[in-house]
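Take a look at the letters that make up each chain.
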Amino acid sequence: MMERTRGRTPNAGKAPALGWRVFGQYLPGAIGALAAFLIIHNLTGGGDTAPPTVTVDANHNARLAANIAFFEERVAETKDSLSYNRLTGLYLQRLREAGDVADVRRAELSATKSLEAAPGDYAGLLNLAQVRLAQHDFESAATLARQAMSTIPTRTDANAILGDAQMALGQYDSAGHEYRVFLEKTPGFSAFSRQAVLAETHGNVALAQQFWQAAIDAEKTDAPENAAWARVQLGNLHFTIGDLNAAKDEYSEALAVFPDYSHAQAGLAKVAAANGDYTRALDLFAKATTRFPNPVYLAELADVQAKAGRAAEAARTSALIGAIGQLFEANGIRNDLTLMLFALDHGQVTRDTVERARVAYDERPSLAAADVYAWALYRVGRFDEASTHADEALRLGTKEPLYLFHAGMIAAARGDAAAGSGYLSAALKLNSKFSVIFTDEAVGTLKILQRAK
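Owing to the predicted nature of the structure, the values given are computational and were not obtained by experimental measurement.

**Q** With reference to specific residues and values, describe the environment of Ala-312.
**A** Mapped onto the elements of the fold, Ala-312 is located in helix α16 (residues 311-330). Accessibility expressed as a relative area gives 48% for Ala-312, which makes it partly exposed. Between the C-alpha atoms of Ala-312 and Ala-302, which are 10 residues apart in sequence, the distance is 10.0 Å.

In structure tokens:
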């Protein structure tokens, strides 16, 4: 799935961890900014003489907790907007790093209090916009970002947040424009990360890899935790296109930079599972999900448990995912595509599931939402409608094997052996081990379709 949070909520300092790609009209400016960064990087001692790797402080988590406690006490006394803004940012940081879903509500309350203390404040508007992104209320996030832009037009972090919302809404041209403005005026880690994410959308893997590397280089000395996150995203890209060794290297480097980093552990678990090493995969997923109960990682854990013959454990993990869904709703997180996809993939298909997929698609007709809705329609036998939305999910050329698998299975169900064979061949060529639970089905269906052609 391309629209997966990978444990991170986007903010002005980070790109959304979703798989998207850059638009042709923005490539020249993007490449120029990247080239300028690389030239400066080399002139200042980067490139072949890059500084040694800096690791995340061992007291990072304790310091974060202490900072949150400090500002919680401070706002209780002062109720000033600056402290509320700082506290909101800390809650969102802990959400990204530890996955405490309750931090969404905490951040929402803090951001709301900030705007009550200072109505129309630029930072308060942006903080609340980031909360709305976390809650999947993308229209509200876009509105708040535009309000912030009108307050201080010279600042560009609002452009980044607006672009994030537009990407989630499937407004890719508009998002590309906002990201371009951000890149041109504020080149660096955050802008490079967003350009990498954009580049993935249209399947420009080489450019995406360059921008991820530039983002890593921009932050590996001053903010190693950001560099570790970017390495995980680059590892995810390598995995998507089937380069498991490169993916493993990036995840391992992220762990060297940020020990016990859940996102890197989950990445290594995914590689191990793809290689059939279920014992190692289970161990790594267990470590990752203990610290960070992300539904993406839990879904992958449940699939590995089932594949390894641990049905009872898989059932318990599936139940935990259901409980997390209830927590999401309780904290204002709407229509999570990961939870819907898990239900569709594990026989939990009801009329309500399809309706929720339709609502999510109507609210944000992104590539990912189109793919999930297509798969939901397929699961209830509405193959022609499913085909339309599967085509939509692939319309920008995104290199995502799961989208191709879904399109192939839908085409096969419609009796179109040629199209089904083409989609499934493309999925397996991209990554012959793309899914623990669906790779064998893709191979088997492809053989049947090829015989029917």
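Next comes the rest of the description.
**Q** Describe the packing of helix α3 (residues 81-98) against helix α5 (residues 122-134), and please don't skip the residues or the numbers.
**A** Two numbers describe how α3 lies on α5: the axes approach to 10 Å, and their chain directions differ by 25°. Classified by the interaxial angle, the pair formed by α3 and α5 is roughly parallel. Helix-helix and strand crossings are classified by hand; for α3 and α5 the assignment is left-handed. Across from Asn-85, Thr-88, Leu-92 and Leu-95 in α3, the residues of α5 making contact are Ala-123, Gly-124, Asn-127, Gln-130, Val-131 and Ala-134. Here the residues of the contact of α3 with α5 sort into five nonpolar, five polar and no charged.

**Q** How would you explain the pattern of salt bridges if you had to name every residue and give the values?
**A** Here the structure, examined in full by the defined rule, presents 24 salt bridges. Between Arg-106 and Asp-100 there is a salt bridge; the shortest N-O distance is 3.2 Å. Judged by relative accessible area, which is 31%, Arg-106 ranks as partly exposed. Between Lys-220 and Asp-217 there is a salt bridge; the shortest N-O distance is 3.4 Å. Judged by relative accessible area, which is 14%, Lys-220 ranks as buried.

**Q** I'd like to hear about the packing of aromatic side chains, residue by residue, with values.
**A** In the structure shown here, the tally under the stated rule is 13 aromatic pairs. A ring pair is formed by Phe-70 and Phe-71, whose centres lie 5.0 Å apart and whose planes are at 90°; its orientation type is edge-to-face. By relative accessible area, Phe-70 is classed as partly exposed at 46%. Residue Phe-71 is classed as buried on the basis of its relative accessible area, which comes to 15%. Ring geometry for Tyr-378 versus Phe-383: centroids 5.7 Å apart, planes at 50°, classification tilted. On the basis of relative accessible area, Tyr-378 is assigned to the buried category, the value being 15%. Three or more aromatic residues joined by ring pairs make a cluster, and in this case those are Trp-375, Tyr-378, Phe-383, Phe-405, Phe-434 and Phe-438. Here the guanidinium or amino end of Lys-270 rests over the ring plane of Phe-239, the centre of that ring lying 4.7 Å away.

**Q** Provide a residue-level description of the confidence of the model for the protein chain, including the pertinent values.
**A** Within the protein chain, residue pLDDT values average 89, and 88% of them lie at 70 or more. Confidence drops under a pLDDT of 50 for residues 38-49, and excluding neighbours within four residues, the segment shows six contacts in the predicted structure.

**Q** How would you summarise the side chain of Asn-127 if you had to cite specific residues and measurements?
**A** If you trace the backbone, Asn-127 turns up in helix α5. Residue Asn-127 is classed as buried on the basis of its relative accessible area, which comes to 9%. The residues touching Asn-127, leaving out its near neighbours within four places in the chain, are Asn-85, Thr-88, Leu-92 and Ala-111.

**Q** Break down the environment of Phe-192 for me, citing the residues and quoting the values.
**A** Its location among the elements puts Phe-192 in helix α9 (residues 189-201). C-alpha separation for the pair Phe-192 and Tyr-179, spaced 13 residues apart in sequence, amounts to 9.5 Å.

**Q** Quick one: what's the story with the environment of Arg-86, residue by residue and with numbers?
**A** Here Arg-86 is to be found in helix α3. Along the backbone, Arg-86 and Ser-114 are 28 residues apart, and their C-alpha atoms lie at a distance of 9.6 Å. Among residues more than four places away in sequence, those in contact with Arg-86 are Asn-67 and Phe-71.

About the thresholds
Per chain, residue numbering runs from 1 following the sequence as it is written. Local features in this predicted model are restricted to residues of pLDDT 70 or higher, and side-chain atom pairs are both shown and tallied only at a pLDDT of 80 or more, whereas totals for entire chains, interfaces and linings draw on every residue. Remark: hydrogens and water are excluded; side-chain values derive from all non-hydrogen atoms of the structure. Under the DSSP-based scheme used, a helix requires at least four consecutive residues in state H or I and a strand at least two consecutive residues in state E, with every element numbered from the N terminus. Each residue's exposure class comes from its accessible area (1.4 Å probe, protein chains only) as a fraction of the maximum for that residue type: buried when under 20%, exposed when over 50%, partly exposed otherwise. Lines fitted to C-alpha atoms define the axes, with helix axes restricted to the stretch in contact, and inter-axis angles between N-to-C directions lie between 0 and 180 degrees. We call two directions roughly parallel when the angle between them is under 35 degrees, roughly antiparallel when it is over 145, roughly perpendicular when it lies between 65 and 115, and oblique otherwise. Crossing handedness: left-handed means the near helix sits turned counterclockwise from the far one by under a right angle, and right-handed means the same turn made clockwise. Any two residues whose heavy atoms approach within 4.5 Å are treated as being in contact. When residues are grouped by polarity, Ala, Val, Leu, Ile, Met, Phe, Trp, Tyr, Cys and Pro land in nonpolar, Asp, Glu, Lys and Arg in charged, and all others, Gly among them, in polar. Salt bridge criterion: a side-chain nitrogen from Lys or Arg within 4 Å of a carboxyl oxygen from Asp or Glu. Each Phe, Tyr or Trp ring (for Trp, its six-membered ring) is paired with any other whose centre lies within 6.5 Å, and the angle between the two planes then decides the class: stacked below 30 degrees, edge-to-face above 60, tilted in between. Either the NZ atom of lysine or the CZ atom of arginine qualifies as a charge over a ring when it sits within 6 Å of the ring centre and within 35 degrees of the ring normal. pLDDT measures how confident the predictor is about each residue, on a scale from 0 to 100.

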